[in-house]
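Here is what each chain is made of, one letter per residue.
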There are 2 protein chains.
Amino acid sequence: MNHEEQISRTPFPNSKKVYIDGEIHPIKVAMREVILSDTKLSNGGIEKNPPVTIYDTSGPYTDPNIEIDIRKGLPRLRENWILDRNDVEILSEISSDYGQTRLKDETLNHLRFEYLHQPKRAKKGANVTQLYYAKQGIITPEMEYIAIRENQRIELINEQTQAMQCQHAGHSFGANTPKSKITPEFVRSEVACGRAIIPNNINHPESEPMIVGRNFLVKINANIGNSAVTSSIEEEVEKAVWACRWGADTIMDLSTGKNIHETREWIIRNSPVPIGTVPIYQALEKVKGIAEDLTWEIFRDTLIEQAEQGVSYFTIHAGVLLRYIHLTANRVTGIVSRGGSIMAKWCLYHHKENFLYTHFEEICEIMKQYDVAFSLGDGLRPGSIADANDAAQFAELETLGELTKIAWKHDVQVFIEGPGHVPMHMIKENMDKQLEHCHEAPFYTLGPLTTDIAPGYDHITSAIGAAMIGWYGCAMLCYVTPKEHLGLPNKKDVKDGVITYKISAHAADLAKGHPGAQYRDNALSKARFEFRWEDQFNLALDPDTAREFHDETLPADGAKVAHFCSMCGPKFCSMKISQEIRDVAAAEKGMQEKSEEFIEQGKEIYI
Amino acid sequence: MNHEEQISRTPFPNSKKVYIDGEIHPIKVAMREVILSDTKLSNGGIEKNPPVTIYDTSGPYTDPNIEIDIRKGLPRLRENWILDRNDVEILSEISSDYGQTRLKDETLNHLRFEYLHQPKRAKKGANVTQLYYAKQGIITPEMEYIAIRENQRIELINEQTQAMQCQHAGHSFGANTPKSKITPEFVRSEVACGRAIIPNNINHPESEPMIVGRNFLVKINANIGNSAVTSSIEEEVEKAVWACRWGADTIMDLSTGKNIHETREWIIRNSPVPIGTVPIYQALEKVKGIAEDLTWEIFRDTLIEQAEQGVSYFTIHAGVLLRYIHLTANRVTGIVSRGGSIMAKWCLYHHKENFLYTHFEEICEIMKQYDVAFSLGDGLRPGSIADANDAAQFAELETLGELTKIAWKHDVQVFIEGPGHVPMHMIKENMDKQLEHCHEAPFYTLGPLTTDIAPGYDHITSAIGAAMIGWYGCAMLCYVTPKEHLGLPNKKDVKDGVITYKISAHAADLAKGHPGAQYRDNALSKARFEFRWEDQFNLALDPDTAREFHDETLPADGAKVAHFCSMCGPKFCSMKISQEIRDVAAAEKGMQEKSEEFIEQGKEIYI
């Protein structure tokens, strides 16, 4: 196949890639700039509309000046940042037995990524995690990159939007959310205290630094990966690039089918965002799907295999303890986490404690040599409204809190996975308990879904819960696609899931009063009110769909400047009338004065 | 055209229409019963799953035993209930001048509904509103119908689900939400105090009674109607039937194009749910779209014209006062309500107070003769995040509160329209202020949209706000379709909007702990856990899409009983493993005992 054809990389309409220089380190931070048209004033004059800068996860794919060859992988942005720290060694060969076996298997040559790199690992006794650096007081290039990126050029925003900023913005900032510009030092301090993590394995230098923490922009994760039933390597690579294009901040490769090792290599080498996995899935494949045959040795080798490929966070279900399994006895939907059910089965079969729990410190020793972060899995999360917030779920959460402390002792970064299926009135309890039991480590939830009755629409049932828990302080939202509970998502499902979760994450940023979050809303609303249709489309999360929907009824170019759309027609457009009103009013005493007068009069209404 | 072909009326899969008898009145309440398959137990036995009864707005269309002819209209369910009260007179001809003109215009014969009925009106001095009856202590057939309908056979629910009811259900009941069965007397008392309304014009006897109030199931409205740019009568009738099929509790006909009068007649005669309108739209058509040419006389005639056709609620923008208009001067999006902008323009042009406000008592006199309810319009609602909760919006809200008292003085039913565009952290303030200023009259909001940046997905940006405000106490949610801000919704958009809003409304019912709301979730989740795929599809809000998504990857019939789907494949299905776990566990000491033991031990976790 021609790999090029597979990959979506056309730039966004009226947008260009811009690069902002670092001040501490020689770095260039990629952002997307949307160029806007001028406003035509009723007095015949024009008003310039400054470009809008947008946080951009699409990577080099949307920069026409960068050559892309997915057989070679993306440029290795962080390679020198890592080497310059002089704390890693380059291995002559990969360390995992399984990796070696796959490498020597010639029947896999046609699948294998051609330009393999030698893996890096911390020098003996060294710790290469961002948490370790942060605790030493070191501001890494990764941290500065993140600070610049999170600001989205807030200095411009503040100049440009003072006039139009909603008086309510900032009402309810999250704990410690900076009221103004985010500094590299603030990033360091949040990482140092464990309140935020930077997932970026030293073996994934292609990835652009990003941060997960409740005092930063709410992030979203997109799950991809093949299953035994469907999908190919090419499809999965394109799904990953596609998900990043629409806004995925991280990608989890949940492949459970054939050639997981090779699929992962292709995805990581071509991904501009950090990759997460659930290593137990591959370990289970290695024992032919028989959970009771899993061993610590096989799991350990899988961790090393994936760490040396460049996975930035591992979901580890170490909180599923033998004694908790019985708490799921009367549930409507039992255990719905794949990893959780696998470990539960292993525990019951052997009548032994979960080996992920008993070997937890050894896992930490491996993680810190590559800077892989823990995503402590909620193996006992509820799978239905009926099972929400029950004893099994919260017992596991307490254990995850204790494991967090152990990981931090090793300077390994940690975040905590959360539910699942939870009705609206029980969502906040999840956030509050997580902060309490897990010592403010970032929370990362799947939805939650707020009802069970809409299979086929669970991106929406969960977007409601996701927006709410994001507002309450959840740092990253794992998307749910329309195919949830029904089948493996295709490309369209992936896009629907990502856009839906960008909505939830942004709604949460607005509610938290994140500085600058409202800037894009205001710019789009201004374009809408001024009938700058093209600007409205281009500022939208999904410009293609916005334009397509508009053109369905009014395809002519003229309609792109018309002062109405097919919804209300020319005579009934409130915005058109509203502008006429302003002209009428301008003729008389200034509206502004009148309104001040009125407010002074103490709003006497009914006379 | 063949009207029959246009109409969607196939019953839902594995569902049948059932009719529950009244105890006070000789009424039959229509409901939908979903028949479920048996559960195959691991011991080889089977467990019966009782049918699930669902609140059903699809009307006679889903009853194969009822003959449908949209040229004649639906059976007139309430005709005798109304006549038996002996307080209405049957008019020999329609009272409005405009209606007469249209009737005599032969060029309209091909558009005109053939089987016109003589309009009914209250006898001189009589008041035919449900609010009037309620205050007299009368329990009408409409009230009993509603009580039976709201219960969804809760007596069955309670029997069947005691075991599986989530221990948390009921945590946060809405104020006065009945903890158990809803009685006809409870319905009467809620209507009597104005906390709930029953929109059902005596000239729309085809409509099935429904109630809007925060101590009942949260309702949703679907907007349809043509515009000058697109759509025909046939399309709009089918859109109405289609919207009811998927769960619309009321329909608003917002037509602004040609032949509004005739289009409305067709829709009302064929609608099983109450119809609402914004009369100012048609009044504006009568003055060729020139707002300043509007007069009280033209508007008055329009009210009578529509009341005699059977419209059950009128949106009246009587709260847009001359002195408030100036408060919108510095808004990002000015006035975005069509009716609001029309009235604002009229006020400014004439420098006079809004004639809907100055003639409000005369409007009440008309409403009570037909039992048309007020939907007091929020003409100054915010059209962007930047404009949310501002002085203009809340000034108007206070005026709506004063108008509510005037309407109640005339025993006219009232509910209050709300925003609009509001970020999550500012939603509750809207609900609280509305309850306070409008004396607990039901709230009816459009969304609210929680961000402006996703045109093409505003059904989702608003579903988040709608679910939240529904939980906080909003009684009815006006849907938003994916086409919002971009164009006139087509049939697919209408369905997407309705299903999305059913999700928000149901999520709110769960959060409020409405008795029985969780029953459907539990039944669907049980089916899901037991791999009763067909039952899972049939219990879904949209069985067609759920089945279609599943079959996309696993179309074979065998897959409908398979213990996995294409998402995880056979070896990775957590629910399959979870069931194996229960079998393993059953072999040892009972899980239940173990879990009790554990709880007694005080959850000692890390040893």
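Per an unreviewed UniProt entry, chain A goes by Phosphomethylpyrimidine synthase and derives from Flavobacterium hydrocarbonoxydans. Under the UniProt heading Function (unreviewed entry), the note attached to chain A is "Catalyzes the synthesis of the hydroxymethylpyrimidine phosphate (HMP-P) moiety of thiamine from aminoimidazole ribotide (AIR) in a radical S-adenosyl-L-methionine (SAM)-dependent reaction." Under the heading Pathway (unreviewed entry), UniProt records this for chain A: "Cofactor biosynthesis; thiamine diphosphate biosynthesis."

The secondary structure content of chain A amounts to 24 helices and 17 strands. For chain A, restricting intrachain contacts to residue pairs at least 6 apart in sequence, the fraction spanning at least 24 positions comes to 75%. Surface summary for chain A: the accessible area is close to 19600 Å², and the carbon and sulfur share equals 52%.

This part takes up the state of the cysteines. Residue and element names in this part refer to chain B. Under the criterion given, the structure shown has 0 disulfides over all chains. Lacking any disulfide linkage, Cys-438 is separated from the closest cysteine sulfur, that of Cys-474, by 12 Å. With no disulfide partner, Cys-474 has as its closest neighbouring cysteine sulfur the one in Cys-478, 10 Å distant. By relative accessible area, which is 0% here, Cys-474 ends up buried.

Bringing the UniProt feature "binding site: Zn(2+)" (unreviewed entry) in chain A into the picture now. Within this structure's numbering, the places UniProt gives as "binding site: Zn(2+)" (unreviewed entry) are A:His421 and A:His485. The greatest C-alpha distance among the residues just named is 12.3 Å, despite their covering 65 residues of sequence, which places them together in space. Within the secondary structure layout, A:His421 lies in the loop between β15 (414-418) and α17 (427-437). Sequence-distant contacts of A:His421, that is, excluding residues within four places in its chain, are made with A:Pro382, A:Gly383, A:Ser384, A:Ile385, A:Ala388, A:Pro448, A:Leu449, A:Asp452, A:His485 and B:Arg528. Its place among the elements puts A:His485 in the loop between β17 (476-478) and α19 (491-512).

Residue and element names in this part refer to chain A. Strand order in this open sheet of 3 strands is β1-β2-β5, and the pairing throughout is antiparallel. The sheet is open, and its two borders are formed by β1 (15-21) and β5 (52-54), each paired with just one other strand. Taken over all neighbouring pairs, the strand axes of this sheet differ in orientation by 40° on average, direction set aside. In the sheet, β1 pairs with strand β2 (residues 28-34) via 7 bridges, with the strands oriented antiparallel. In the sheet register, Lys-17 faces β2, and the bridge partner there is Arg-32. Docked against the sheet, helix α5 (residues 141-151) engages β1 and β2, running at close to 15° with respect to β2.

Our next topic: the sheet that holds strand β11 (residues 250-253) of chain B. What links the strands of a sheet is backbone hydrogen bonding, and the strands pair in either a parallel or an antiparallel sense. Residues and elements named next belong to chain B. Spatial strand order, β10-β11-β12-β13-β14-β15-β16-β17: 8 strands in a closed barrel with parallel pairing. If you compare each strand with its neighbour and ignore which way they point, the axes differ by 25° on average. With 3 bridges connecting them, strand β15 (residues 414-418) and strand β16 (residues 443-446) associate as parallel partners. The residue bridging Ile-416 from the neighbouring strand is Phe-443, located in β16. Most of the contacts of helix α8 (residues 233-246) go to strand β10 (residues 219-224), to which it runs at about 165°, and overall it touches β10 and β11. In the packing of helix α19 (residues 491-512) onto the sheet, the strands contacted are β10 and β17 (476-478), and the crossing angle to β10 comes to about 160°.

All names here are of chain A. Burial along strand β16 (residues 443-446) is two-sided: the residues Phe-443 and Thr-445 and Tyr-444 and Leu-446 are all buried. This β-α-β element, β15 to α17 to β16, shows right-handed connectivity. For β16 and β17, the ladder comprises 3 bridges, and the chain directions are parallel. Residue pairing in the sheet places Leu-446 in a bridge with Cys-478 of β17.

Attention shifts here to helix α18 (residues 458-472) of chain B. Residue and element names in this part refer to chain B. For α18, with 15 residues, the first-to-last C-alpha span of 21 Å sits near the 21 Å given by 1.5 Å per residue. Most of α18 is tucked away, with 15 of its 15 residues classed as buried. Phi turns positive one or two residues past the end of α18, at Gly-473, with a value near 135°.

This part is about the packing of helix α10 (residues 279-286) of chain B against helix α11 (residues 296-309) of chain B. Relative placement of two packed helices is described by the angle separating their axes and the distance separating the axes. Residue and element names in this part refer to chain B. For the pair α10 and α11, interaxial distance at closest approach is 9 Å and the crossing angle is 125°. Taken together, the axes of α10 and α11 lie oblique to each other. Crossing of α10 over α11 shows right-handed handedness. Facing Pro-279, Ile-280, Gln-282, Ala-283 and Lys-286 of α10, the residues of α11 in contact are Ile-298, Phe-299, Asp-301, Thr-302, Leu-303, Glu-305 and Gln-306. Taken together, the residues of the contact of α10 with α11 break down into 6 nonpolar, 3 polar and 3 charged.

Attention now goes to the packing of aromatic side chains. Residue and element names in this part refer to chain A. According to the stated counting rule, one finds 30 aromatic pairs over all chains in the structure shown. Ring plane angle 70° and centroid distance 6.0 Å describe the contact between Tyr-132 and Tyr-133, whose orientation is recorded as edge-to-face. Ring geometry for Phe-415 and Tyr-444: centres 5.2 Å apart, planes at 50°, overall tilted. Residue Phe-415 is found in strand β15, and its partner Tyr-444 is found in strand β16; the two are separated by 29 residues along the sequence. Exposure class is identical for Phe-415 and Tyr-444. Each is buried.

Attention now moves to the pattern of salt bridges. Under the criterion given, the structure shown has 80 salt bridges over all chains. A salt bridge links A:Lys483 to A:Asp493; the nearest nitrogen and oxygen atoms lie 2.7 Å apart. Residue A:Lys483 is located in the loop between β17 and α19, and its partner A:Asp493 is located in helix α19; the two are separated by 10 residues in the primary sequence. Residue classification places A:Lys483 among the buried residues on the basis of a relative accessible area of 2%. Taking the relative accessible area as the measure of exposure, A:Asp493 reaches 4% and is therefore buried. The closest approach of N and O atoms between B:Glu208 and B:Arg149, which form a salt bridge, is 3.0 Å. Here B:Arg149 lies in helix α5 (residues 141-151) and B:Glu208 lies in the loop between β8 (196-197) and β9 (212-213), a separation of 59 residues in the sequence. Look at B:Glu208 and you get buried, because its relative accessible area is 8%. Judged by its relative accessible area of 3%, B:Arg149 falls in the buried class. Bridged by salt links that share partners, the residues A:Arg76, A:Glu79, A:Lys120, A:Glu206, A:Glu265 and A:Arg269 form one connected network.

Our focus in this paragraph is the environment of B:Asn203. Residue and element names in this part refer to chain B. Relative to the assigned elements, Asn-203 resides in the loop between β8 and β9. With 109 residues separating them along the chain, Asn-203 and Ser-312 place their C-alpha atoms 8.6 Å apart. Once you skip the residues sitting within four places of it in the chain, Asn-203 turns out to touch Pro-119, Lys-120, Arg-269, Ala-307, Glu-308, Gln-309, Gly-310 and Tyr-370. Reaching out from Asn-203, the side chain makes a polar contact with the backbone oxygen of Ala-307 at a distance of 3.3 Å.

What follows covers the packing of helix α10 (residues 279-286) of chain A against helix α13 (residues 338-350) of chain A. Residues and elements named next belong to chain A. Interaxial distance between α10 and α13 falls to 9 Å at its minimum, and their mutual angle equals 50°. Between α10 and α13, the crossing angle belongs to the class labelled oblique. As for how α10 packs across α13, the hand of that crossing is left-handed. Contacts from Ile-280, Tyr-281 and Leu-284 in α10 reach Arg-338, Gly-339, Ile-342 and Met-343 in α13. In terms of residue class, the contact of α10 with α13 is made up of 5 nonpolar, 1 polar and 1 charged.

Let us now look at α8(B). Residues and elements named next belong to chain B. For α8, spanning 14 residues, the distance from its first C-alpha to its last is 20 Å, which sits close to the expected 20 Å at 1.5 Å a residue. Considered for burial, the residues of α8 that qualify are Ile-233, Glu-236, Val-237, Glu-238, Lys-239, Ala-240, Val-241, Trp-242, Ala-243, Cys-244, Arg-245 and Trp-246. Once α8 finishes, Gly-247 follows within two positions and takes phi at roughly 125°, a positive value.

Next up on the list: the side chain of B:Asp521. Note on placement: B:Asp521 falls in helix α20 (residues 517-529). Buried charge without a partner: B:Asp521 forms no salt bridge, and the closest opposite charge is B:Arg520, 7.1 Å away. If we skip the residues at most four places from it in the chain, B:Asp521 touches A:Ile385, A:Thr451, A:Asp452, A:Ile453, B:His506 and B:Leu510.

Now for the environment of A:His421. You can call A:His421 buried: its relative accessible area is 6%. Among the polar contacts made by the side chain of A:His421, one reaches the side chain of A:Asp452 at a distance of 2.8 Å.

As a further point, take the nonpolar core. In this structure, A:Phe299, A:Phe374, A:Met424, B:Phe299, B:Phe374 and B:Met424 are the most contacted members of the largest nonpolar core, which totals 274 residues. Ignoring any residue separated from it by four or fewer positions in sequence, one finds B:Phe299 in contact with B:Pro279, B:Ile280, B:Ala283, B:Ile316, B:Phe355, B:Leu356 and B:Ile363.

A few words now on the confidence of the model for chain A. Residue and element names in this part refer to chain A. Per-residue confidence for chain A averages 90 on the pLDDT scale, and 88% of its residues sit at or above 70. A low-confidence stretch, residues 159-178 (pLDDT under 50), is modelled with 47 contacts involving residues beyond four sequence positions or located in other chains. Across the interfaces of the predicted complex, the ipTM metric reaches 0.93, alongside a pTM of 0.93.

How each quantity is defined
Residues numbered from 1 in each chain as written. Chains lettered and ligands numbered in written order. Predicted model: local features only at pLDDT ≥ 70, side-chain atom pairs only at ≥ 80, totals over all residues. Heavy atoms only, no water. UniProt positions renumbered as here; feature names shortened; annotations may be inferred. Helix = DSSP H or I, 4+ residues; strand = E, 2+ residues; numbered from the N terminus. Contact = heavy atoms within 4.5 Å. Areas by Shrake-Rupley, 256 points an atom, 1.4 Å probe, with all protein chains shown as cover. Disulfide = S-S within 2.5 Å. Buried < 20%, exposed > 50% of the residue type's maximum accessible area, 1.4 Å probe, protein only. Pairing = 2+ DSSP bridges. Axes fitted to C-alpha atoms, helices over the stretch in contact; angles between N-to-C directions. Right-handed = clockwise from strand over helix to strand, strands pointing away. Expected span 1.5 Å × (residues − 1). Parallel < 35°, antiparallel > 145°, perpendicular 65-115°, else oblique. Left-handed = near helix turned anticlockwise from the far one by under 90°. Nonpolar A, V, L, I, M, F, W, Y, C, P; charged D, E, K, R; others polar. Phe/Tyr/Trp six-rings, centres within 6.5 Å; stacked < 30°, edge-to-face > 60°. Salt bridge = Lys/Arg side-chain N within 4 Å of Asp/Glu carboxyl O. Polar contact = N/O pair within 3.5 Å; in protein donor to acceptor, adjacent residues only side chain to side chain. Lys, Arg positive; Asp, Glu negative; His and termini not counted. Core = buried A, V, L, I, M, F, W, Y, C linked by side-chain atoms within 4.5 Å. pLDDT = per-residue confidence, 0-100.

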